Every structure is written in structure tokens, then in C-alpha cells.
Amino acid sequence: STDGGRNLSLDSIPMGLPMSDPTAWATAMNNLGMAPMGMTGQPLLPDFDSALGMMTGIPPINPMMPGLGIVPPPIPPDMPAVKEIIHCKSCTLFPPNPHLPPPATRERPPGCKTVFVGGLPENGTEQIIMEVFEQCGEVIAIRKSKKNFCHIRFAEEFMVDKALYLSGYRIRLGSSTDKKDTGRLHVDFAQARDDLYEWECRQRMLAREERHRRRLAEERFRPPSPPPVVHYSDHECSVVAEKLKDDTKFSEAIQTLLTWIERGEVNRRTANNFYSMIQSANSHIRRLVNEKAAHEKEMEEAKEKFKLALSGILVQFEQIVAVYHSASKQKAWDHFTKAQRKNISVWCKQAEEIRNIHNDELMGIRREEEMEMSDEEIEDPSEMKETEESALVSQVEALKEENDSLRWQLDAYRNEVELLKQEQGKATRDEDTTKEQQMKLLQQALQGMQKHLLKVQEEYKKREAELEKVKEDKLKVETLLENLREQESSTSRVCACSQEKECPVEKTLSNSPVKSEREVLLVGIISTFLHVHPFGASIEYICSYLQRLDSKICTAEVEVLMTRLQNTFRQELSGVGASLEKRWKFCGFDGLKMT
């Protein structure tokens, strides 16, 4: 362009950046290998993996590398879904065919603000280009070439998407239909150093701001440093000794005592004071032991309450399972519907599973108690011998009952699994058979259609051959008819002349061997045929030729006609012995001289 203000230079473009764009922040932080953070410190991408990115502080990724994750731009929301005619002051844009695929575009360069526009009219000027593309946004520069293309640079990236919307439009200058005033626009992304430089500057600025934000967040969430420990003195020693006796301040006081001892504050003068403080710490152990015993007692009482409640719950579960089992018997089971039976069986399974879980918990508690009891029995074996035997008997009975119940449950589960397997096998078999039948029917139908198509093609070829033969025969007949008409006209003239010279018309008509117009046509055709065959032809050969023209012609009629015309046709014998053959020859030229 001749305008210096529109030159595509690095220094003429001010760089503006919307700081509230979360996508730009996420892209910049991803390129730098950081977890993108928002303005409030919240991560923009919670699934970000820093190991896949780059380390902080190094330059951004080279945007020219392929596979940068750039996707084709979506259609802007303010653009209509169906393209319409666009009227400008000096030109008109006609939309492309909506059924055609969208025009192909190259991969979008990072920070692209420049587009390539091809297919411009030869008479298109920079003013017309500005008039068309300023509707997409602010145009910063236009660089037009002499070969019907140009490069246009916009102020923002989203304006490029609006310009791509015009790709495929047909442009016409005014109302002219001249080829130089029409063209088809092709708009595509273009690589420009200015765009790349601005994009890199923006990425670096975003990275600097993100590093600053992360530093502030780390400082805000850093745990506070512990308060400084006071130096040892007699006053501070008395204060710490009083705190060691108080349960609420014991932790703070014991930390101060530990710090003083590690610093080396213990000497001969302060040894007695430190000993008294250590003695106070030792007395705190007794209080801790008493607290532990109280908590253990509370825990035992809670365990007992839990065990009683669990046993009551287990009894209720047993009753519910018994109800389900009684309902599953044949007397009551036959009166339920299929849906009701299914629900009852499902409820029974669920209740049995929950009952087994609670039973396992209760058995675990009992085992722990028995283990504790066994430890006490080891101490006094002589006193607890009888109770041991009774406990073993009860355990054996409980284990037998549990074993029986588990065996019944296992049998039930096995039966259910077998039934499910059978149902699934039947379903799959039925599906496979139906699919195979459908495939066979489709294959048969396809084969029948193929055979029918082949037959139709063969018939079509035969009909075409017959049509060509008929056309050839028609042409031959037309040529023969034309020849016959010419011969008829010539013979009629010769006859008229001879009749005028020699005799009256009545006498010639009465003595003429040719009696009808049909015989005249036959004579002409036979004369033409024999003229082509100078060595003569048999009567059968002549009749076969005539029957092609008229199937009603018989051999006797033709032979009688030719014998009447002795000056026109002459019969000769050729051959010897068995190969003797009668041939007819045309002798009209000799007969004309004789008559």
C-alpha cells in the first residue's frame, strides 16, 4: 500500500491485552508448564499436569511447531447460520452453495490477526477491499498485490474469524457482468511476523504476572513461623513451672522447657530449677494415665451397648429373612404374580446379605472377647477349666449352624447363577440365529438383484444390436428404392421414345411383356442386381435377395417374368456333369441394339 500509516511493521501496532480473558491466561500458563491460576487464586484448569508442561522461567513454546493444539475457529455468535447476500456501496457479495463443503483453511498461527484474501476481481481497488472487510472489524493495514490477492491485518484476533466467514462468496462490482469485475473470494489464515511478535510478548507478560501471582499465593498460604522462645531467667523459670502444673498450658510450657535444655541453659546454678520442672512434667504422666483409663472404660461401655444393639438388630433380620423364606414356599409362592415374586426374591437376597454382614461383625466382637478371656484363662487355668469346655461346646454349635446357613446360601447362589447363565445363553442363541437368518435373507435378495441386473443388461445389449441391424437394413432399402426410381424414370423415357417412332401407343401396350408397375419395379431391381453380378446368378439367389425386400415374392413369378423379357435377361448353363447350374445374366445393353 502507498499509505505509510497502513504499513505492516512491528513498531506501528500498539499491543493491547484484555486482562480478563481466562483462555489467554490458561494458554500462557500451559505453555510455561504452570498450573493456570485465576485472579482469586483458584486454578483455571484443575486437571493440569505440570510434568507435561515446561519449567517456569524459560521462553514459551515456538508457535511455529505443528500440533500446538490450535483448532479451527468456531462460527462467531453474531454471524447468521445461513449465508445471505451482502450489499455494499460499490459491490455485491453472493453466498456460495450451502450444500458444498466449507472451504479448506490452513492451521491457524498463534495470535493470528492477518488474513490472506484471494480471488479478487481484476478491477478491484483497495477502497473496495476496505469497504468489504471493514464490516468484520477495524482494519489496520492492507497490502494488495497485482495478482488479484492481498493481505489484511485487523486490530483483534476475533475479527479474523469474521473475515473467514466471507470465504467462498462471489463478488461483483456494481451491476457489471464483465469477467474483470467478478471473482470468488478465498479467505485464509496468514503468517505475519507482527502477529507472532505480539503473541510472544503477550505470552511473556502473562507468564510474568502468573509468576507474581503464584509468589503472592505462596506467601499468603505459608504457615506462620513459631513465636520466639524467651530467654531463660529466674522469673521466666517460675512462670514456666506454674504452666507445667496447668493442663491447658502444659504443651506450651513443655516446648519452652525443651528449647532451654537444647540451648544449654542447664548449669550448676540452674540445675535445681530444671529438676523441679522435670519433676512437674513427670507428675503429668500420672494424669495422662488416669485419663486414658477413663477413656478405656467409656469405650468398653460403648462396645457393650453396641453389641447389645447389634444382637437385637440381628434378631430382627433373622425374623425378616424367615418371613421371606416362608413366603418363598410353594403354598404362598403360587399366589403371587411374577413381578411380586421377583421383588420378594430381590428383597430376600438383600436382607440375607445385610444379615450376614451384621453377623460377621458380631462374631468378630465375640472373638475379640474370647481372645481376651483366653488371655485371662491362661493366667488361672485351674479355675476356668469347666467354663472353657462349655464355651467350646457353644462355639462348635454356633459354627455348625453358621456352616449350614452358609451352605444353603451357597446352593441358592449356585442355582441362581445357573439359571442366569441359561437365560443369557438362550437370549444370545436366539439373537445369533435371528441375525444369521437376516444376513442370509439379505444376501439372497442381493444375489437375486444382481442376477436380475445382469439379465436386464444382456437384454439391453441385444435390443441395441437389433436396432442397429434394422437401421442398416432401412438404409439399404432406401438406397435401392432411389436406384429403382432412377432406372424407372430412365426406362420410361426410352419406352416413350421408341413408341413414338415405331408404333402407336395402343399397339405397344397390348404387345408389352410387362403388364403392371410392380413387374416394372421387379425388372429394375433384378437388372440392378444382375448388373452387379456380371457372371450371372441362380434364380434361387435372385429370389432370396428379393424376398428380403418383399416376402410375398415367389420364385415361379420371377422366373416367368424373366423368360418373357428375352432381350433383357438371358439364361445360360454353366458347369459340367453334377455341377451343371442354370444362371441368369443381364443382356439389356445387347438387346437394345438388336431391337
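Under an unreviewed UniProt entry, the name given to the protein chain is ENOX2 protein, and the source organism is Chaetops frenatus. Taken directly from UniProt, the Sequence similarities (unreviewed entry) text for the protein chain runs: "Belongs to the ENOX family."

Chemist: Describe in detail the overall build of the protein chain, supporting the description with residues and values.
Modeler: Looking only at helices and strands, the protein chain features 15 helices and ten strands. For the protein chain, the proportion of its 595 residues judged to be buried stands at 26%. Across the protein chain, the fraction of contacts at a sequence separation of at least 24, relative to all contacts at a separation of at least 6, is 65%. Of the roughly 42900 Å² of accessible surface on the protein chain, a fraction of 56% belongs to carbon and sulfur atoms.

Chemist: Describe the sheet that holds strand S3 (residues 114–118), and please don't skip the residues or the numbers.
Modeler: Think of a sheet as strands paired side by side through backbone hydrogen bonds, with each pair either parallel or antiparallel. Sheet architecture is open: four strands sit in the order S4-S5-S3-S8, paired in antiparallel fashion. What marks the edges here is a single partner per strand, and that holds for strand S4 (139–144) and strand S8 (186–189). On average, each strand axis in the sheet is inclined to that of its neighbour by 20 degrees, with strand direction left out of account. Strand direction decides the pairing type here: S3 and strand S5 (residues 149–154), joined by five bridges, are antiparallel. Across the sheet, the residue bridging to Phe116 is His151, located in S5. Contacting S3, S4, S5 and S8, helix H2 (residues 126–133) crosses the sheet at an angle of about 140 degrees to S4.

Chemist: Break down the environment of Ala163 for me, citing the residues and quoting the values.
Modeler: Among the structural elements, Ala163 can be located in helix H3 (residues 158–164). Taking the relative accessible area as the measure of exposure, Ala163 reaches 0% and is therefore buried. For the pair Ala163 and Cys136, spaced 27 residues apart in sequence, the C-alpha separation works out to 5.8 Å. Sequence-distant contacts of Ala163, that is, excluding residues within four places in its chain, are made with Val115, Phe133, Cys136, Phe154 and Val187.

Chemist: Which residues make up the packing of aromatic side chains, and what values do they have?
Modeler: This structure, assessed with the given rule, holds eight aromatic pairs. Centroid distance Phe529 to Tyr545: 4.8 Å. Interplanar angle 20 degrees. Geometry classified as stacked. Remark: Tyr545 occurs in helix H13 (residues 539–549) and Phe529 occurs in helix H12 (residues 517–532); sequence separation between them is 16 residues. Classification of Phe529 by relative accessible area gives buried; the value is 9%. Grouping aromatic residues by their ring pairs yields a cluster made of Tyr232, Trp260 and Phe274. Lying over the aromatic face of Tyr165, Lys83 brings its terminal NZ or CZ to 5.1 Å of the ring centre.

Chemist: How would you explain the nonpolar core if you had to name every residue and give the values?
Modeler: Core analysis: the largest hydrophobic core is formed by 32 residues, its most contacted members being Phe133, Ile152, Phe154 and Leu166. The set of elements that each furnish at least two residues to this core consists of strand S2 (91–94), S3, H2, S4, S5, H3, strand S6 (170–173) and S8. Broken down by element, this core gets its largest block of residues, five residues, from H2. What Ile152 contacts, discounting residues up to four positions off in sequence, is Lys113, Thr114, Val115, Val117, Ile129, Phe133, Val139, Ala141 and Ile142. If you look at the next biggest cluster of nonpolar residues, it comprises 19 residues, including Phe529, Leu561, Met562 and Phe569.

Chemist: Tell me what's going on with the side chain of Lys307, and back it up with residues and numbers.
Modeler: Mapped onto the elements of the fold, Lys307 is located in helix H7 (residues 271–327). Note on Lys307: relative accessible area 16%, which makes it buried. Excluding its chain neighbours within four sequence positions, the residues that come into contact with Lys307 are Leu362, Ile365 and Glu369.

Chemist: Any chance you could break down the UniProt feature "coiled-coil region" (unreviewed entry) in the protein chain for me, citing the residues and the numbers?
Modeler: The UniProt record annotates "coiled-coil region" (unreviewed entry) at residues 278–305 and 396–490. In residues 278–305, helix accounts for 100% and strand for 0%; the two terminal C-alpha atoms are 42 Å from one another.

Chemist: Account for a nonpolar patch on the surface, with residues named and values stated.
Modeler: There is a patch of nonpolar side chains on the surface, built from Ile261, Val266 and Ile278 and spanning about 240 Å² of accessible area. With respect to the helices, strands and loops of the structure, Val266 is situated in the loop between helix H6 (250–263) and H7.

Chemist: Break down unusual backbone geometry for me, with residues and values.
Modeler: Both trends apply: most residues other than glycine have a negative phi, and most peptide bonds are in trans. Its identity is not glycine, yet Asn148 carries a phi of approximately 65 degrees, on the positive side. Given a relative accessible area of 26%, Asn148 falls into the partly exposed group.

Chemist: Help me get a handle on a negative patch on the surface, residues and values and all.
Modeler: A contiguous patch of negative charge, built from Glu298, Glu300, Glu301, Glu368 and Glu372, is present on the exposed surface. Elements that contribute at least two residues to the negative patch include exactly H7 and helix H9 (338–379). Among the elements that line the negative patch, the one with the most residues is H7, at three residues. With respect to the helices and strands, the residue Glu301 is situated in helix H7.

Chemist: So what's going on with the packing of H12 against helix H14 (residues 555–564)? Residues and values would help.
Modeler: Relative to each other, H12 and H14 sit at 80 degrees, their axes nearing to 11 Å. In this view, H12 runs roughly perpendicular relative to H14, as classed from their interaxial angle. Between H12, through Arg518, Glu519, Leu522, Val523, Ile526 and Leu530, and H14, the contact on the second element is made entirely by Glu557, Val558, Leu561, Met562 and Arg564. When grouped by side-chain class, the residues that make up the contact of H12 with H14 number seven nonpolar, no polar and four charged.

What counts and how
The written sequence of each chain sets the order in which its residues are numbered from 1. For a predicted model such as this one, the threshold for reporting local features is a pLDDT of at least 70, and the threshold for listing and counting side-chain atom pairs is 80 or more; totals across whole chains, interfaces and linings nevertheless cover every residue. Hydrogens are left out, water is left out, and the side-chain values use all remaining heavy atoms of the structure. UniProt positions are given in the numbering used here, feature names are shortened, and annotations may be inferred rather than shown by experiment. Secondary structure elements are taken from DSSP: a helix is a run of H or I of four residues or more, a strand is a run of E of two residues or more, and numbering for both begins at the N terminus. Buried, partly exposed and exposed residues are distinguished by accessible area as a fraction of the type maximum, computed with a 1.4 Å probe on protein chains only: under 20%, between the cut-offs, and over 50%, respectively. Whether two residues are in contact is decided by their heavy atoms: any pair within 4.5 Å suffices. Each accessible area is a Shrake-Rupley estimate made with a 1.4 Å probe; only the visible protein chains count as cover when residues are assessed. At least two DSSP bridges between two strands are needed for those strands to be called paired. Simply put, an axis is a line fit to the C-alpha atoms, just over the touching stretch for a helix, and the angle between two N-to-C directions goes from 0 to 180 degrees. For Phe, Tyr and Trp, rings pair up if their centres lie within 6.5 Å, where Trp contributes its six-membered ring, and each pair is then called stacked (planes under 30 degrees apart), edge-to-face (over 60) or tilted (otherwise). Working rule: Lys NZ or Arg CZ, within 6 Å of ring centre, within 35 degrees of ring normal, means a charge sits over the ring. Buried Ala, Val, Leu, Ile, Met, Phe, Trp, Tyr and Cys residues form a nonpolar core when they are joined through side-chain atoms within 4.5 Å. Patches here: salt-bridge-free residues with over 30% relative accessible area, like charges joined within 9 Å, nonpolar side chains (Val, Leu, Ile, Met, Phe, Trp, Tyr) joined within 5 Å. Salt bridges are defined by distance alone: a side-chain nitrogen of Lys or Arg within 4 Å of a carboxyl oxygen of Asp or Glu. A positive count includes Lys and Arg, and a negative count includes Asp and Glu. His and the chain ends are not counted in either. Each charge is placed at NZ for Lys, CZ for Arg, CG for Asp and CD for Glu. An angle below 35 degrees is read as roughly parallel, one above 145 as roughly antiparallel, one from 65 to 115 as roughly perpendicular, and any other as oblique. In this count, Pro and Cys sit with the nonpolar residues alongside Ala, Val, Leu, Ile, Met, Phe, Trp and Tyr, while Asp, Glu, Lys and Arg are called charged and the others, Gly among them, polar.

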